[in-house]
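Below are the chains, spelled out letter by letter.
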Protein chains: 4
Amino acid sequence: MPDSDKIAAATKAQQTAEAVAAALFARDAAAQGLGILLLEVRPGFARMAMTVRPNMLNAHDICHGGFTFALADTTFAYACNNRNHVTVAAGCDIIYPAAGRLGDVLTAVAEERHLRGRSGVYDITVTSQSGEVVALMRGQSRRIEGKNVPDL
Amino acid sequence: MPDSDKIAAATKAQQTAEAVAAALFARDAAAQGLGILLLEVRPGFARMAMTVRPNMLNAHDICHGGFTFALADTTFAYACNNRNHVTVAAGCDIIYPAAGRLGDVLTAVAEERHLRGRSGVYDITVTSQSGEVVALMRGQSRRIEGKNVPDL
Amino acid sequence: MPDSDKIAAATKAQQTAEAVAAALFARDAAAQGLGILLLEVRPGFARMAMTVRPNMLNAHDICHGGFTFALADTTFAYACNNRNHVTVAAGCDIIYPAAGRLGDVLTAVAEERHLRGRSGVYDITVTSQSGEVVALMRGQSRRIEGKNVPDL
Amino acid sequence: MPDSDKIAAATKAQQTAEAVAAALFARDAAAQGLGILLLEVRPGFARMAMTVRPNMLNAHDICHGGFTFALADTTFAYACNNRNHVTVAAGCDIIYPAAGRLGDVLTAVAEERHLRGRSGVYDITVTSQSGEVVALMRGQSRRIEGKNVPDL
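Not measured: the values here are computed from a predicted model. (Residues numbered from 1 in each chain as written. Chains lettered and ligands numbered in written order. Predicted model: local features only at pLDDT ≥ 70, side-chain atom pairs only at ≥ 80, totals over all residues.)

**Quick look at the relation of the copies chain A and chain B**
What relates the two chain copies is a rotation about an axis together with a slide along it.
Line of reasoning, step 1. Of the transformation placing chain A onto chain B, the axial shift is 0.0 Å and the rotation is 180 degrees, giving an RMSD of 0.0 Å. In short, the pair behaves as if placed about a two-fold rotation axis. Minimal C-alpha distance to the rotation axis in chain A is attained by D93(A), lying at 1.9 Å.
Line of reasoning, step 2. Looking at chain A, 100% of its interface residues are interface residues in chain B too, so the copies touch through the same face. (Least-squares fit on C-alpha atoms with pLDDT ≥ 70 in both. Contact = placed C-beta atoms within 7 Å.)

As structure tokens, then:
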């Protein structure tokens, strides 16, 4: 492929990733309700953030694992969907090296680790504003039928 | 141990489980905010429910995995804490055989699979009102210092 | 279904499970080489055993996790294949509450936790001769094309 | 720290890693019996290889997941132990994007993803000689008491 074609393909992939992310976010009541922000998207990659609110605290006064998970899982979804094939989580595992606290700004980065046919593996890392690792998730994705937005 | 002592021990364990669950729930802003209901608690066991609300739907119009996870994770916490030792999740994995939908009443049951020293393993099953399995979680717990409530 | 038909169906399922297990075992060089024994099979269920040999010990002088895993994984395979559809492991997780030691007879029990369409979830428990839990595995299976043996 | 001290510390860490790996391997009957080769070790990192032998094949004539797992798990052990603290696997999950075949030379790379106090997270990738990803493992490690070799 000549360089000009590679640049055109990469540009289109990036435009697709941004269009998919914007479309998903516009109809994502859950992410909006949690105050999740979409910071960056690239093909197979996403970065999002969420501030820990009072109603996210559990009885131990730390961020309920479910909300940390929700941020990680959302970021995973925006990474694995942004090539525009509708893609769902088949399963995930999550490890919590530390806990989020009230007011923490948690940032999640989702990276594609492997993609073959309809199945993908993504690693999602959630860190606090001080750089402490709050969660490490690994997600398995499965592409189903359909497009997230009309093809560009 | 004579039977009367066994009955007394079991009764106390059950009273402790109920006292811990009530105390945790009273200060669990996250569970209350999600509309989670505490249905049943026994030593090492909990059953809780949650109705899927509009703001729990993701861009694919199904219950965001993070909320299903939050219900499962909460139920796990009430099961692994109710012997009254403060206990946290060390990690979990979750599989989603089906998706929750708007208005579904999801019920989670957490059962103790193994407990040895400070480490436990719990299996949590989330089903919809029709009995469909929506999520299978396995959680690893780790007991830390402290009691959830003053000893009975 | 009349009772006689139910009995006939259950009998055929059991005969199929036994025929599949025998056929798989006859050509399973790995299981044979590890000295794994097939103790019991029922539809969606298997029970197998393995003795920890000197060449299964790692540098800490305990049974290498890979061999404990191999026993669990083999038992999982015999449980998820014995309905006669060729079925492979899509992924697993394993927790080691204790370690196997030289001469231990480890028994693995694989139980079907969920089966829907081509995807299944199996729980495998490995215990030593004293009943101590050595490993807890959860496996996800995926049915592919083909039969393990000609249909009965 | 002056640069000369940093270099001395890094040199000592590397020498420790190599000394630990050599000592572990010398008494690792399991790794030797499987024909596993130690290719490279750095602090928190290891690279090892194994050739798929006839007695590693299962009834589907592909490398039994247990042997792929054993290679990954061994490499994980050499990565998490080589800072010289005795460290054991607390749990792992593994995904198999492809299967190893007879004669394949599988290479596993274990990288430290996170280390805090006594708990670590390692990512292990197993590839075939053609670069195909055969397994992705994530392991959780837990440091216990003791040293693998006398301190250098």
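Having put the structure on the table, let's press on.
**Brief notes about the pairing of strand 6 (residues 133-147) of chain B**
All names here are of chain B.
Line of reasoning, step 1. Sheet topology places strand 3 (residues 85-95) next to strand 6; nine bridges connect them, and they run antiparallel. Residue pairing for strand 6: I94 is matched across the bridge by M137.
Line of reasoning, step 2. Linking two consecutive strands that pair antiparallel, namely strand 5 (residues 119-127) and strand 6, is a turn of five residues; a positive phi of about 95 degrees is found at G131 within it. (Pairing = 2+ DSSP bridges. Helix = DSSP H or I, 4+ residues; strand = E, 2+ residues; numbered from the N terminus.)

**Considering the sheet that holds strand 3 of chain B**
The strands making up a sheet associate through backbone hydrogen bonding, with each pair oriented either parallel or antiparallel.
Line of reasoning, step 1. The strand order across the open sheet built from 12 strands is 1(A)-2(A)-4(A)-5(A)-6(A)-3(A)-3(B)-6(B)-5(B)-4(B)-2(B)-1(B), with neighbouring strands paired in antiparallel fashion. Strands at the two margins of the open sheet, each flanked by one partner only, are strand 1 (37-42) of chain A together with strand 1 (37-42) of chain B. Sheet twist, expressed as the mean angle between neighbouring strand axes with direction ignored, is 25 degrees.
Line of reasoning, step 2. The sheet contact formed by strand 5 of chain B and strand 6 of chain B spans nine bridges and is antiparallel. Directly across from V121(B), in strand 6 of chain B, lies its bridge partner Q140(B).
Line of reasoning, step 3. Contacting strand 1 and strand 2 (45-51) of chain B, helix 1 (residues 3-26) of chain B runs over the sheet at an angle of about 155 degrees to strand 1 of chain B. (Axes fitted to C-alpha atoms, helices over the stretch in contact; angles between N-to-C directions.)

**Quick look at the interface of chain A and chain B**
Line of reasoning, step 1. With 28 residues of chain A in contact, the opposing surface of chain B contributes 28 residues.
Line of reasoning, step 2. At the level of secondary structure, the elements contributing two or more residues to the side of chain A that touches chain B comprise helix 2 (29-33), helix 3 (65-81) and strand 3 (85-95) of chain A.
Line of reasoning, step 3. For the side of chain A that touches chain B, the leading source of residues is helix 3 of chain A, giving eight residues.
Line of reasoning, step 4. Looking at the side of chain A that touches chain B residue by residue, the classes come out as 16 nonpolar, eight polar and four charged. (Nonpolar A, V, L, I, M, F, W, Y, C, P; charged D, E, K, R; others polar.)

**Regarding helix 1 (residues 3-26) of chain C**
All names here are of chain C.
Line of reasoning, step 1. Along its 24 residues, helix 1 runs 35 Å from first to last C-alpha, staying within 8% of the 34 Å computed at 1.5 Å per residue.
Line of reasoning, step 2. Within helix 1 the residues assigned to the buried category are T16, A17, V20, A21 and L24.
Line of reasoning, step 3. Check the buried side of helix 1 and you find it contacts strand 1 (37-42), strand 2 (45-51) and helix 3 (65-81). (Expected span 1.5 Å × (residues − 1). Buried ≥ 20, exposed ≤ 12 C-beta atoms within 10 Å, placed from the backbone.)

**Comments concerning unusual backbone geometry**
Line of reasoning, step 1. For D61(A), which is not glycine, the phi torsion reads 65 degrees and is therefore positive.
Line of reasoning, step 2. Along the polypeptide, D61(A) turns up in the loop between strand 2 (45-51) and helix 3.

**Focus on helix 3 (residues 65-81) of chain D**
Line of reasoning, step 1. Spanning 17 residues, helix 3 of chain D covers 24 Å between terminal C-alpha atoms, matching the ideal 24 Å at 1.5 Å per step.
Line of reasoning, step 2. In terms of burial, helix 3 of chain D is a largely internal element, 17 of the 17 residues being buried.

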